[in-house]
Amino acid sequence: MLSAIILTAALTFFGARWIDSLYKLPNAPLTFPEEIASRAKFRKPLLALLLFVNLYNFASVPTPLYFYLTAIIFFLSLITFTDFEQYVIFDRMLKPFALIGILAAIHLNLPLADRILAAVIGGGIFFIISLVTRGGIGGGDVKLIFVLGLWLGSEILLDVVIKACVFGGVAALIMILTKQKDRQSYFAYGPYFTLTAICILSCAKNF
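Residues numbered from 1 in each chain as written. Predicted model: local features only at pLDDT ≥ 70, side-chain atom pairs only at ≥ 80, totals over all residues. Heavy atoms only, no water.

A. Structural view of the overall build of the protein. Secondary structure assignment for the protein yields eight helices and zero strands. In terms of overall dimensions, the protein has C-alpha extents of about 45 × 35 × 35 Å along its principal axes. Put simply, the protein has 207 residues, and 45% of those count as buried. Taking as baseline every contact in the protein between residues at least 6 positions apart, the subset at least 24 positions apart corresponds to 76%. (Helix = DSSP H or I, 4+ residues; strand = E, 2+ residues; numbered from the N terminus. Buried < 20%, exposed > 50% of the residue type's maximum accessible area, 1.4 Å probe, protein only. Contact = heavy atoms within 4.5 Å.)

Structure, rendered in structure tokens:
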């Protein structure tokens, strides 16, 4: 437990500072630039809780797998917060996330071809959806699905996408019915993909 606490503290500190630094980039595509502090009010405690629960849960897995599970949970958690807070998924997070995913497949002897195929097909389908819906699915979501394909492979990616679309659709319907949003409003779908992936990984303790 002590190691999980220490690692959680370090990752929370680094992750929160990384998000803040990305928000300060010139021309950062923030949706609520005037509300950075208020929308990030609970980021650190929630990020710490999300990380600790999963790192403690993964304590029994072998070291190489533990490292990569920690990495994917870390990146998915940060993406959850940036998309929730500012409706943005940064390429500067997705690029190292994708690279580590490829390294994980090679290091753990996972089927790399299947992961590349999942990334290309999954990302391609969501790219087409983004064109058809004229931005209903954002470019960040398309890239996120691509990277998740590299990490998860076709079978788990399909499971994540199906469950996340159901959860996201239900949440969107509830927000419309309660008049928090209307049909023309933008919905941040990224957190539904990331949190669904985190739940599936937490239960399976593998990818």
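B. Spatial organisation of the packing of aromatic side chains. For the coordinates displayed, the defined rule picks out 12 aromatic pairs. Taking the centre distance of 5.0 Å and the plane angle of 80° together, the rings of Phe-67 and Tyr-68 count as edge-to-face. Relative to Phe-97, the ring of Phe-75 lies with its centre 5.0 Å away and its plane at 10°, an arrangement referred to as stacked. One end of the pair, Phe-75, is in helix H4 (residues 63-86); the other, Phe-97, is in helix H5 (residues 91-107), with 22 residues separating them in the sequence. Across the pair, exposure class does not vary: Phe-75 and Phe-97 are buried alike. In textbook terms, an aromatic cluster arises when at least three aromatic residues are bridged by ring pairs, as seen for Phe-14, Trp-18, Phe-74, Phe-75, Phe-97, Trp-151 and Phe-207. (Phe/Tyr/Trp six-rings, centres within 6.5 Å; stacked < 30°, edge-to-face > 60°.)

C. Layout of the layout of surface pockets. The volume enclosed by the largest pocket comes to roughly 340 Å³. Listing elements by their share of the lining of the largest pocket, those giving two or more residues are helix H2 (36-39), helix H3 (43-57), H4, helix H7 (139-177) and helix H8 (190-204). No other element matches the five residues that H4 contributes to the lining of the largest pocket. For the lining of the largest pocket, a count of residues per class yields 15 nonpolar, three polar and six charged. Considered as a void within the structure, the second largest pocket measures approximately 190 Å³ in volume. For the second largest pocket, the full set of lining residues is Ala-118, Ile-121, Gly-122, Ile-125, Phe-126, Ile-129, Ser-154, Leu-157, Leu-158 and Val-161. In terms of residue count, helix H6 (residues 112-132) provides more of the lining of the second largest pocket than any other element does, six residues in total. (1 Å grid on protein atoms, 1.4 Å probe; cavity = no way out; pocket = protein on both sides within 12 Å on 5 of 7 lines; lining within 4 Å. Points joined across faces, edges and corners; volume = space filled by probe spheres on them. Nonpolar A, V, L, I, M, F, W, Y, C, P; charged D, E, K, R; others polar.)

D. The arrangement of the nonpolar core in detail. Ile-72, Leu-76, Phe-97, Leu-148, Trp-151, Leu-152 and Phe-207 are the most contacted members of the largest nonpolar core, which has 56 residues in total. Mapped by element, the contributors of at least two residues to this core are helix H1 (2-23), H3, H4, H5, H6, H7 and H8. Of the residues forming this core, the biggest block, 13 residues, is contributed by H4. Each residue touching Phe-207, except ones within four places of it in the same chain, is listed here: Leu-65, Tyr-68, Leu-69, Ala-104, Leu-108, Leu-110, Arg-115, Trp-151, Leu-152, Ile-156 and Leu-201. (Core = buried A, V, L, I, M, F, W, Y, C linked by side-chain atoms within 4.5 Å.)

E. Seen up close, the state of the cysteines. Applying the stated criterion to the full structure yields zero disulfides. Among the cysteines around Cys-165, which has no disulfide bond, Cys-199 carries the closest sulfur, lying 15 Å off. When its relative accessible area of 42% is taken as the criterion, Cys-165 is described as partly exposed. Its sulfur unpaired, Cys-199 is 6.7 Å from the next cysteine sulfur, which belongs to Cys-203. (Disulfide = S-S within 2.5 Å.)

F. Focus on unusual backbone geometry. Unlike most non-glycine residues, Asn-27 shows phi in positive territory, near 60°. Its place among the elements puts Asn-27 in the loop between H1 and H2. Judged by relative accessible area, Asn-27 falls into the exposed class, the value being 80%. Positive phi outside glycine occurs at Lys-205, with the angle close to 55°. Within the element layout of this structure, Lys-205 appears in the segment after H8.

G. Highlighting the side chain of Asp-141. Mapped onto the elements of the fold, Asp-141 is located in helix H7. It is Lys-143 that comes nearest to the buried, bridge-free Asp-141 among opposite-charge side chains, at 11 Å. Only 3.3 Å separates the side chain of Asp-141 from the backbone nitrogen of Gly-190, close enough to count as a polar contact. (Lys, Arg positive; Asp, Glu negative; His and termini not counted. Salt bridge = Lys/Arg side-chain N within 4 Å of Asp/Glu carboxyl O. Polar contact = N/O pair within 3.5 Å; in protein donor to acceptor, adjacent residues only side chain to side chain.)

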